[in-house]
Structure formats: structure tokens, C-alpha cells
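Structure assessment
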Amino acid sequence: MPKVKKIPQRMCVGCQEMRPKKELIRVVRTPQGEVEIDPTGKRSGRGAYICPRLECLEKAVKGRRLERALQRPVGQEIIQSLAEGLKGQ
Ligand SMILES: [Zn+2]
């Protein structure tokens, strides 16, 4: 492993690769139990991370990995808005 500065790394729920947190989209389960996208990455709650790539989103959806990571069902509207956000990039 090459020496790198301490950049917080998180695993993408799609491709399951470790990436710098900043490059990933965070999805959070709020303390109220709602699943929401967290563009700032700063909201409290249990988070799951995903690369901003449709490919990863598809994998995460197919494998139900987002649900598993958040321990909550993830609504279609969340998937939808993630997909929309990705298209804009
Ligand atoms: Zn990924």
C-alpha cells in the first residue's frame, strides 16, 4: 500500500471499493428512521456511501446493499433522486 495522507475512506455499497469519502454520495438513515440523501455528508445517523456512478447505484439496488447497509427499506424515490443526481454529473 502506498503511503497516503489520512483521507477518510469509505466503501461504496455498489462496487464495494474503498474510496475517499469526499468522492462518494452519502445516504443517511436519520435518527427518525427516514432514509435520505445527504449531500453535505454531515448529517447524523447511520450512513451508507456510494460512488456517483449509475453502475454502482444499479449494483447497490440489485444486491439490496443499500437497504442492508442502512438496515431500512430504501424507497423508490430515494433511488430515483440518486439516479437523477448522477445524471447531472
Ligand atoms: Zn462504487
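Below is a short write-up of the structure. (Residues numbered from 1 in each chain as written. Predicted model: local features only at pLDDT ≥ 70, side-chain atom pairs only at ≥ 80, totals over all residues. Heavy atoms only, no water.)

The next thing to look at is the coordination of the zinc ion. With distances of 2.2 to 2.3 Å, the protein atoms coordinating the zinc ion are Cys-12 (SG), Cys-15 (SG), Cys-51 (SG) and Cys-56 (SG). Around the zinc ion sit four donor atoms; with metal-centred angles ranging over 98 to 114°, the donor geometry is tetrahedral. Sequence positions of the donors to the zinc ion reduce to the motif C-x2-C-x35-C-x4-C. Of the two residues, Cys-12 is situated in the loop between strand E1 (9-11) and strand E2 (18-20) and Cys-56 in helix H1 (residues 54-62); the sequence distance between them amounts to 44 residues. Assigned by exposure class, Cys-12 and Cys-56 land together as buried. (Donors = N, O, S within 2.8 Å, 3.2 Å for Na, K, Ca; no water. Tetrahedral: all angles 85-135°; square planar, octahedral: opposite > 155°, others 65-115°. Helix = DSSP H or I, 4+ residues; strand = E, 2+ residues; numbered from the N terminus. Buried < 20%, exposed > 50% of the residue type's maximum accessible area, 1.4 Å probe, protein only.)

Take H1 next. Residues Cys-56, Leu-57 and Ala-60 constitute the buried set of H1. Seen end-on, H1 carries its buried residues on one side only, within an arc spanning 100°. In this structure, the buried residues of H1 make contact with strand E5 (46-50), helix H2 (65-70) and helix H3 (76-87). Trailing H1 by a residue or two, Arg-64 shows a phi angle of about 55°, which is positive. (Arc of directions from axis to C-beta. Contact = heavy atoms within 4.5 Å.)

Right, let's talk about the packing of H1 against H3 for a bit. As a packed pair, H1 and H3 sit with axes 10 Å apart at the nearest point and diverge in direction by 165°. By the angle between their directions, the pair H1 and H3 is classed as roughly antiparallel. Considering only the axes of H1 and H3, their crossing is left-handed. Between H1, through Leu-54, Leu-57 and Val-61, and H3, the contact on the second element is made entirely by Ile-79, Leu-82, Ala-83 and Leu-86. When its residues are assigned to classes, the contact of H1 with H3 shows seven nonpolar, no polar and no charged. (Axes fitted to C-alpha atoms, helices over the stretch in contact; angles between N-to-C directions. Parallel < 35°, antiparallel > 145°, perpendicular 65-115°, else oblique. Left-handed = near helix turned anticlockwise from the far one by under 90°. Nonpolar A, V, L, I, M, F, W, Y, C, P; charged D, E, K, R; others polar.)

Glancing now at unusual backbone geometry. You will see that Gln-16, though not glycine, has its phi angle at about 60°, which is positive. Here Gln-16 lies in the loop between E1 and E2. Unlike most non-glycine residues, Gln-71 shows phi in positive territory, near 55°. Among the secondary structure elements, Gln-71 is positioned in the loop between H2 and H3. Judged by relative accessible area, which is 54%, Gln-71 ranks as exposed.

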